[in-house]
Amino acid sequence: SQQGEEDPQALSIQEGENATMNCSYKTSINNLQWYRQNSGRGLVHLILIRSNEREKHSGRLRVTLDTSKKSSSLLITASRAADTASYFCATAWNYGGSQGNLIFGKGTKLSVKP
Amino acid sequence: EPEVTQTPSHQVTQMGQEVILRCVPISNHLYFYWYRQILGQKVEFLVSFYNNEISEKSEIFDDQFSVERPDGSNFTLKIRSTKLEDSAMYFCASSALDPPDEQYFGPGTRLTVT
């Protein structure tokens, strides 16, 4: 089955440092998305990268996608304490009648210390 | 900014009881989803809904589950006879594009089955 798996499972850094999280998946995808979840809260969409894209930026976020390795990375630059959250990658494929349901990874728990 | 809303935020019910979780998707969206997240585990896809019918459902979405869009704004998930293992956070999501792309998630309903 198609899965996104993030690593590391947990990451602790100081404010101002960069945070890099990786995601691997198993099958062909239409797009890959990154979401953030603050403890006990809902999922916030961060960025979407399509299978024909290699890199995308949004503010302090940079996402890369390597479809040959079936992997993606999320880089948060100049981290802030408010970035403390769990980050999930989610893959979607579009085939036959699929309506884009997302397959989530287990997430990376990021802690940014002031 | 439009957002997906869910009610109630927390529902406690006894095993065997029926529960209905409610969602109001973003008004011009076409695709609707339910996901669940058991404490400490991955977010799992349950069902997608488009054009007033189920598009896809996962293995989790068995005969105890049903979805409905009773009017132009609400989207509900019903669990007919709850089990202890149904305890989880249930997220509703909606998407505008065709094919569906970025999904907007609600804050979730925490269901506790005792």
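See the structure above.
Note that the coordinates shown come from a computational prediction; the quantities given were computed from them, not determined experimentally.

Calculation rules
Residues numbered from 1 in each chain as written. Chains lettered and ligands numbered in written order. Predicted model: local features only at pLDDT ≥ 70, side-chain atom pairs only at ≥ 80, totals over all residues. Heavy atoms only, no water. Pairing = 2+ DSSP bridges. Helix = DSSP H or I, 4+ residues; strand = E, 2+ residues; numbered from the N terminus. Axes fitted to C-alpha atoms, helices over the stretch in contact; angles between N-to-C directions. Disulfide = S-S within 2.5 Å. Buried < 20%, exposed > 50% of the residue type's maximum accessible area, 1.4 Å probe, protein only. Contact = heavy atoms within 4.5 Å. Buried area = accessible area lost by both parts, 1.4 Å probe. Salt bridge = Lys/Arg side-chain N within 4 Å of Asp/Glu carboxyl O. Polar contact = N/O pair within 3.5 Å; in protein donor to acceptor, adjacent residues only side chain to side chain. Nonpolar A, V, L, I, M, F, W, Y, C, P; charged D, E, K, R; others polar. Phe/Tyr/Trp six-rings, centres within 6.5 Å; stacked < 30°, edge-to-face > 60°.

Q: So what about the sheet that holds strand 8 (residues 75-79) of chain B? Which residues, and what values?
A: Residue and element names in this part refer to chain B. Strand order in the open sheet formed by four strands is 1-3-8-7, and the pairing between neighbours is antiparallel. Single-partner strands in this sheet number two, and they are strand 1 (5-7) and strand 7 (65-68). Direction aside, the axes of adjacent strands within the sheet are offset by 20 degrees on average. Here five bridges tie strand 3 (residues 19-24) to strand 8, and the two strands are oriented antiparallel to one another. Bridging across to strand 8, Ile20 finds its partner in Lys78.

Q: Describe the state of the cysteines, and please don't skip the residues or the numbers.
A: Enumeration over the complete set of coordinates arrives at two disulfides over all chains. Each disulfide pairs two cysteine sulfurs, and for Cys23 of chain A the partner residue is Cys89 of chain A, the sulfurs being separated by 2.0 Å. Because the torsion about its S-S bond is 65 degrees, the bridge between Cys23 of chain A and Cys89 of chain A counts as right-handed. Remark: Cys89 of chain A occurs in strand 9 (residues 85-92) and Cys23 of chain A occurs in strand 3 (residues 19-24); sequence separation between them is 66 residues. You'll find Cys23 of chain A and Cys89 of chain A in the same group, each marked buried. Disulfide pairing is shown between Cys23 of chain B and Cys92 of chain B; the S-S distance is 1.9 Å. For the disulfide bridge between Cys23 of chain B and Cys92 of chain B, the dihedral angle about the S-S bond is near -60 degrees, and by the sign convention the bridge is left-handed. Residue Cys23 of chain B is found in strand 3, and its partner Cys92 of chain B is found in strand 9 (residues 88-95); the two are separated by 69 residues along the sequence. Cys92 of chain B sits in the buried class, given a relative accessible area of 0%.

Q: Mind laying out the pairing of strand 8 of chain B, listing which residues take part and the relevant values?
A: All names here are of chain B. Most of strand 8 sits inside the fold, with four of its five residues counted as buried. Alignment of strand 7 against strand 8, held across four bridges, turns out to be antiparallel. Along strand 8, the bridge assignment pairs Phe65 with Ile79. What sits between the antiparallel neighbours strand 7 and strand 8 is a turn of six residues.

Q: A description of the interface of chain B and chain A should follow, citing residues and the corresponding values.
A: Across the contact, 21 residues belong to chain B and 25 residues belong to chain A. Taken over both partners, the interface formed by chain B and chain A buries close to 1800 Å², and the fraction arising from carbon and sulfur atoms is 51%. For the chain B face of the interface with chain A, the top three residues by lost area are Lys42, Glu56 and Asp101 of chain B, together amounting to 33%. Put simply, chain B and chain A have zero salt bridges between them. Linking chain B with chain A are three residue pairs in polar contact (both at pLDDT 80 or more). Where the side of chain B that touches chain A is concerned, the elements lending two or more residues are strand 4 (31-37), strand 5 (43-50), strand 6 (53-57) and strand 9 of chain B. When its residues are assigned to classes, the side of chain B that touches chain A shows eleven nonpolar, five polar and five charged.

Q: Lay out the pattern of salt bridges with the relevant residues and their values.
A: Residue and element names in this part refer to chain A. Scanning all chains against the criterion turns up four salt bridges over all chains. Between Lys56 and Glu53 there is a salt bridge whose closest N-O contact spans 3.9 Å. Ionic pairing is found between Asp83 and Arg60, a salt bridge with its closest N-O pair at 2.9 Å. Of the two residues, Asp83 sits in the loop between strand 8 (71-76) and strand 9 while Arg60 sits in the loop between strand 6 (55-58) and strand 7 (61-66), which places them 23 residues apart along the sequence. Overall, the relative accessible area of 6% leaves Asp83 in the buried class. Among the residues examined, Arg60 registers a relative accessible area of 23% and is labelled partly exposed.

Q: Would you mind going over the packing of aromatic side chains in detail, with residue names and values included?
A: Residue and element names in this part refer to chain B. Summed over all chains, the structure comprises 14 aromatic pairs over all chains. Taking the centre distance of 4.4 Å and the plane angle of 10 degrees together, the rings of Tyr31 and Tyr50 count as stacked. Pair noted here: Tyr31 is in strand 4 and Tyr50 is in strand 5, with a separation of 19 residues, a long-range link.

Function-wise, these values are silent; they only describe arrangement.
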